[in-house]
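# Fold and contact review
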Amino acid sequence: MAEEIVVPGYKRWLGSIGDQVGFLVDFFRNLFAGGFEWSEFVRQCYEIGYRSMLLVGITSFIMGVVLILQLRPTMISFGAASMLPKTLSVSFVREIGPVIIGIICAGKIASSIGAELGSMKVTEQLDAMDVSGANPIQYLVVPRILATSIMVPVLSVLGDAIGLFGGFLALNLRDTISFKLYFTKVIASLDFSDFLPALVKTIFFGFAIGFVGCYKGFTSNRGTESVGIAANTAVVTASLWIFVIDAIAVQITSLLFY
Amino acid sequence: MTEQETIKKKQAPKSQKEVVILIRDLKKAFGDKEVLKDISLELDKGENLVVLGRSGSGKSVLIQCIVGLLKPDGGSVKVFGEDVAGMSDKQLKDLRIRIGFLFQSGALYDSMTVRENMEFPLTRVLKLKDQGEIDKRVAAVLESVGLSDAIDKMPSDLSGGMRKRAGLARTLVVDPEIMLYDEPTTGLDPITSREISELIISIQKKNKTSSIIITHDMECARIASDRVLILTDGEFTKEGTFDELLKSKDKNVASYFNII
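Predicted model only: the values in this text are computed from it and were never measured.

## Quick notes on the overall build of chain B
- Along the backbone of chain B there are 10 helices and 10 strands.
- Radius of gyration (C-alpha) of chain B: 18 Å, near the 18 Å computed for a compact globule of 260 residues.
- For chain B, the spread of C-alpha atoms along the principal axes amounts to about 60 × 45 × 40 Å.
- Relative to its 260 residues, chain B shows a buried fraction of 53%.
- Partitioning the intrachain contacts of chain B with sequence separation of at least 6 by distance along the chain shows that 68% fall at a separation of at least 24.
- Element-wise, carbon and sulfur atoms account for 49% of the exposed surface of chain B, whose accessible area totals about 11800 Å².

Listed below in structure tokens is the structure:
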């Protein structure tokens, strides 16, 4: 009887990297191949964007409130209570907002895409699409990755606005500041170099979330257990990618703007 | 001469008939498990060939190699005279349009209604634009499988038999020349199984399709087959018409037929 071949871990890892590069190449090849699925793209924007708004809104609001409540005593001790709107806006728009919203989207969207495509794999729907002569990458992957790349930045901007509004309400719990004065301070403290790099990195967050979700779903195994594994690994991997992209983005932003 | 060698000799190309699928010495293994061992087979135009075998005997792997879903480890698979292994993506796509594949589960796209499932290959594969023609073809194919009333239902609202018939309709909507059925009656009650088997015959007659039917359902084999091949542990061990095999004294063959 032939002995079972044991593939070393590093070879499996290299093989997986190769598969991911191949999947990425397939995505770009199909993106520019023509025959874009507009209706599926719009449906995905609705599913990914609109259906995540409530979760993103609530989380951002709470983050805005909590940050003000946590910052206030320290800022008062430094005699810098008037700096609270500026501190919140810069930290929220530059870093906290995009990363928190990215992580929330990874949890909600990457898992949902991973589970949906994993379940299509298990029930042979991907194979059915393939053997019918249709292109599953064109129909399923391209619209999803583009939708996440567009909707995560939109959600991030929305989350920033709601978080800053939450900060305004929290500030008014103990102090009194008018809506006009608060947002004048917020807007005055933000400039192009705060907003644009944050927006650009959320495009990459969205791309990573969509790509990881699709890849994990497409490469899941046949059993029903693999659907859960696909969803779970999609969340973990996408979350990790968000921190990696964030670290790279900070370096690039520092070089370009500061 | 062994039984397998006799079958291989019988499978030598027949000049008088048009062969649509020709498989020679096909090998496929997963890890150290050899699933298909030098399989040879040919399917004539208009023929319904049933491949009988126990679970895990390699039946589904065989038809997945025919459509290029799995790559064989050795041997050749020719469909309409073209070697599947040597095809480009474009050629493989063109070939797949000519082959209908009914999956065991029906494999309906569960985010789409039955109508959208039928429209999908017409708009994405055949690239039809005329909505009138699309509607006409969808209505006709659903009528042929008796599912006209289910046109706007979601797959989750369909019974097992209806899902199979809807899956069948989706493959038929593009008028394939070859049909590959993977366990078409598995999981269905005897009456629905019989209806599906009779549907396979009516498709063969009406659409002039050539078919390979993978099954372990003897009633389906009896109704739908022109010829039967028995696959045991990755090798064809017997070939003949259903009635010939029914009379066989071979223990392996008899073990299938004793249950009916």
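## Some points on unusual backbone geometry
Residues and elements named next belong to chain B.
- Non-glycine residue F80 carries a positive phi angle of around 50°.
- Along the chain, F80 turns up in the loop between β4 (74–79) and β5 (82–83).
- Residues other than glycine seldom take positive phi values, yet K208 does so here, at roughly 55°.

## Some details on the sheet that holds β4(B)
Residues and elements named next belong to chain B.
- The strand order across the open sheet built from four strands is β2-β1-β4-β5, with neighbouring strands paired in antiparallel fashion. Strands with a single pairing partner mark the edges of an open sheet, and in this sheet they are β2 (33–44) and β5.
- Taken together, the five bridges between strand β1 (residues 19–30) and β4 define a ladder with antiparallel strand orientation. Following the sheet pairing, I23 is matched in β4 by V77.
- Against the sheet, helix α2 (residues 59–66) engages β1, β2 and β4, with an angle of about 120° to β1.

## Details of the pairing of strand β9 (residues 227–232) of chain B
Residue and element names in this part refer to chain B.
- In terms of burial, β9 is largely enclosed, as six of its six residues are buried.
- Of the two faces of β9, the one lined by R227, L229 and L231 and the one lined by V228, I230 and T232 are each fully buried.
- Across five bridges, strand β3 (residues 48–53) lies against β9 in parallel orientation. Directly across from V50, in β9, lies its bridge partner V228.
- Relative to strand β10 (residues 235–240), β9 runs antiparallel, the two being bridged by five bridges. Counterpart to L229 in the pairing with β10 is E239.
- What sits between β9 and β10 in their antiparallel hairpin is a turn of two residues, with D233 showing a positive phi close to 50°.

## Topic: the pairing of β4(B)
Residues and elements named next belong to chain B.
- Direction of pairing for β4 relative to β5: antiparallel, over a ladder of two bridges. Counted as the bridge partner of V79 is E82 from β5.
- Here β4 folds back onto β5, and the loop between the two strands holds two residues, one of which, F80, carries a positive phi near 50°.

Here is what the cut-offs are and how they apply
Residues numbered from 1 in each chain as written. Chains lettered and ligands numbered in written order. Predicted model: local features only at pLDDT ≥ 70, side-chain atom pairs only at ≥ 80, totals over all residues. Heavy atoms only, no water. Helix = DSSP H or I, 4+ residues; strand = E, 2+ residues; numbered from the N terminus. Rg over C-alpha atoms; globule rule 2.2 N^0.38 Å. Buried < 20%, exposed > 50% of the residue type's maximum accessible area, 1.4 Å probe, protein only. Contact = heavy atoms within 4.5 Å. Areas by Shrake-Rupley, 256 points an atom, 1.4 Å probe, with all protein chains shown as cover. Pairing = 2+ DSSP bridges. Axes fitted to C-alpha atoms, helices over the stretch in contact; angles between N-to-C directions.

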